[in-house]
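# Topology and contacts: notes
Now for the letters of each chain:
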Amino acid sequence: QISEAEVALFSVSSYACQRRTTLDNHNSNLTDALSLLAENAELNNEDGRGVAFRRAAALMKALPTQVISMSQLRGLPCLGEHSLRVIKDVLENGVSSEVESTKQSKRYKALKILTGIFGVGAKTADRWIREGIYNLEQLRHSGQTLNRAQKSGLEHYDDLNEPVTKAEADAIGEIVQKAVDSVLTGSQVALTGGFRRGKLTGHDVDFLITHPEEGKEVGLMPKVVAWLESRGFLLYQKTTRNSYLESKDGPARPASNMDRFERCFSIFKLTKGKEQESTQPEEQNDLKTKDVLRPHMQVDTDQQLCELSKNYQMEAASHKIWRAVRVDLVVSPISQFAFAVLGWTGSKLFERELRRWAGHEKNMSLSSHALFDNTQNKYLRATSEEEIFAYLGLEYIPPSERNA
Ligand code: ATP
Ligand code: MN
Ligand code: MN
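The following paragraphs examine the structure supplied in this document. None of the values given here were measured: they were computed from a predicted structure. (Residues numbered from 1 in each chain as written. Chains lettered and ligands numbered in written order. Predicted model: local features only at pLDDT ≥ 70, side-chain atom pairs only at ≥ 80, totals over all residues. Heavy atoms only, no water.)

In this section: the coordination of the manganese ion (ligand 2). Taken together, Asp 204 (OD) and Asp 206 (OD) make up the full set of protein donors to the manganese ion (ligand 2), lying 2.0 to 2.1 Å away. The distance between the manganese ion (ligand 2) and the manganese ion (ligand 3) comes to 3.6 Å, with Asp 204 serving as a donor to both metals. By the burial criterion, Asp 204 is buried, and Asp 206 matches it. (Donors = N, O, S within 2.8 Å, 3.2 Å for Na, K, Ca; no water. Buried < 20%, exposed > 50% of the residue type's maximum accessible area, 1.4 Å probe, protein only.)

What follows is about helix H12 (residues 220-230). Among the residues making up H12, those that are buried are Leu 220, Met 221, Val 224, Val 225, Trp 227 and Leu 228. Seen along its axis, H12 keeps its buried residues to an arc of 160 degrees; they face one direction. Packed against the buried residues of H12 are helix H10 (166-183), strand E4 (205-210), strand E5 (234-240), strand E6 (262-271) and strand E7 (322-331). (Helix = DSSP H or I, 4+ residues; strand = E, 2+ residues; numbered from the N terminus. Arc of directions from axis to C-beta. Contact = heavy atoms within 4.5 Å.)

One can find Ile 113 in helix H5 (residues 106-115). Overall, the relative accessible area of 29% leaves Ile 113 in the partly exposed class. As a C-alpha pair, Ile 113 and Asn 161 span 48 residues in sequence and 10.0 Å in three-dimensional space. Setting aside residues up to four positions removed in sequence, Ile 113 forms contacts with Tyr 134, Asn 135, Leu 136 and Tyr 157.

Moving on: the site of ligand 1. Within the structure, ligand 1 sits among 17 residues, and Gly 194, Lys 199, His 203, Asp 204 and Lys 348 are positioned closest to it. Residue Asp 204 places a side-chain N or O atom 2.7 Å away from an oxygen atom belonging to ligand 1. (Near = heavy atom within 4 Å. Polar contact = N/O pair within 3.5 Å; in protein donor to acceptor, adjacent residues only side chain to side chain.)

On to the coordination of the manganese ion (ligand 3). Protein ligation of the manganese ion (ligand 3) involves Asp 204 (OD), Asp 206 (OD) and Asp 328 (OD), the donor distances falling in the range 2.1 to 2.3 Å. Look at Asp 206 and you get buried, because its relative accessible area is 8%. You can call Asp 328 buried: its relative accessible area is 6%.

A sheet is described by the order of its strands in space; here 3 strands give the open sequence E8-E9-E10, paired in antiparallel fashion. Since the sheet does not close on itself, it has two edges, and those belong to strand E8 (364-366) and strand E10 (378-379), each with one partner. As paired strands, E8 and strand E9 (residues 371-373) are joined by 3 bridges and run antiparallel to one another. Bridged to Leu 366 within E9 is Leu 371. (Pairing = 2+ DSSP bridges.)

Right, let's talk about the pattern of salt bridges for a bit. Enumeration according to the criterion identifies 20 salt bridges in this entry. Its salt-bridge partner being Arg 20, residue Glu 401 comes within 2.4 Å of it at the nearest N-O pair. Here Arg 20 lies in the segment before helix H1 (28-43) and Glu 401 lies in the segment after helix H18 (385-391), a separation of 381 residues in the sequence. Judged by relative accessible area, Glu 401 falls into the buried class, the value being 18%. Here Lys 88 makes a salt bridge to Glu 92, at a shortest N to O gap of 3.5 Å. Taken as a pair, Lys 88 and Glu 92 lie in helix H3 (residues 81-93) at a separation of 4 residues, close to a single helical turn. Classification of Lys 88 as partly exposed rests on a relative accessible area of 39%. Since its relative accessible area comes to 54%, Glu 92 is described here as exposed. (Salt bridge = Lys/Arg side-chain N within 4 Å of Asp/Glu carboxyl O.)

Turning our eyes to something else, we now look at the sheet that holds E4. The strand order E2-E4-E7-E6-E5 describes an open sheet built from 5 strands, whose pairing is mixed. Edge strands, defined here as strands with exactly one partner in the open sheet, are strand E2 (188-191) and E5. The sheet shows a mean angle of 25 degrees between the axes of neighbouring strands, taken without regard to direction. (Axes fitted to C-alpha atoms, helices over the stretch in contact; angles between N-to-C directions.)

Attention now moves to the side chain of Asp 259. For Asp 259, the location among the structural elements is in the loop between E5 and E6. Within the structure, the side chain of Asp 259 is placed 2.6 Å from the side chain of Trp 344, a separation counted as a polar contact. If sequence neighbours within four positions are ignored, Asp 259 has contacts with Trp 344, Ser 368 and His 369.

Bringing the packing of H1 against H3 into the picture now. Where H1 contacts H3, the axes come no closer than 10 Å and their chain directions differ by 135 degrees. On the basis of the axis angle, H1 is oblique to H3. Where H1 crosses over H3, the two elements pack in a sense that is right-handed. In this structure, H1 uses Asn 29, Leu 30, Ala 33, Leu 34 and Leu 37 to contact H3, whose residues at the interface are Ser 83, Val 86, Ile 87, Val 90 and Leu 91. Per-class residue counts for the contact of H1 with H3 are 8 nonpolar, 2 polar and no charged. (Parallel < 35°, antiparallel > 145°, perpendicular 65-115°, else oblique. Left-handed = near helix turned anticlockwise from the far one by under 90°. Nonpolar A, V, L, I, M, F, W, Y, C, P; charged D, E, K, R; others polar.)

Keep in mind these numbers describe shape, not what the thing actually does.
This is the structure:
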């Protein structure tokens, strides 16, 4: 039993954008539980609950040491009754019963599998589940009409659910830079998203493209995409043009957190590096079941057979000389570049909290395009992230500490 005096109390700011959240997390047992419940809420279109669990998880991520007792959490913001119950369960029993039952539920499993398809969101997955579709096999045989994105997503399912490494992100970055240089000299490419925050892997790779001369970037995306496409780098792409100028509601009040830059959601065909490329002799590339089915192995049960078949597929996949990778490309005019970089660096919760801080504490509206001061009734120009934090009255938080 720990006495009151021995318990370390934490003092933590209530907005995630006031905190420094690095990648080293001392409470992953707790944040994993809360994140899973957040994800489950989001998959069920319960956005309010989702945000509440995300905020609680982010708070726990920001704590400097491991929590061992509930009494340490006294006075901390962002922890609602439900989150506290989950934390208590994990601290006392090692696991949260709610998390365990969620993980095992048929619905959660199906939602995870189906939304794991690029182009499938919670709503589509829910509709399919109501029609009795719980997995890819059932989906393939269901006769459901899939859109172009979903077809691509299903085709490259395994690749797209395999984390992208930093090395792969850099390799794609070189290709994008080459494409951009070829179509408009002087253009700049910035790696954003999780990799800019120092993450070692990601679900995709995010790039922001600009040109130092305002206006030169107009029409850049279709040219970049055409360059990539003609060289066989794209398995899928959907380009959306810039809708910022023509919109009536003004830049500071986007309908959602979606921005209106010219963008391209794509799937790259990335040739594997030399070190990954078949280092084995030729004849072993022609994989036979016998290579996986070792003679001493007994195949008695369905489960063993399933395991073997999985191994076989994995071995076969490892002999493929390319893989599919999700890539987001965004083009921003230089005048909005600082806002775009800030908006596309994330994390998602950090961004949400920045906007909430701006609105609730500063009477300002922040988007990936601009910062509007509602009190002075004017836009605040910025050429760096540091300036934006300063306008917002926040201490500057570097990307590596935005992992809320
Ligand atoms: P991961 O490693 O999973 O890719 P990530 O932090 O890079 O993590 P993304 O989903 O790629 O996550 O998003 C990166 C950033 O881009 C986030 O800050 C997010 O807010 C922003 N973003 C993503 N999609 C959009 C969009 N459609 N409109 C505006 N901003 C977006
Ligand atoms: Mn990303
Ligand atoms: Mn992305």
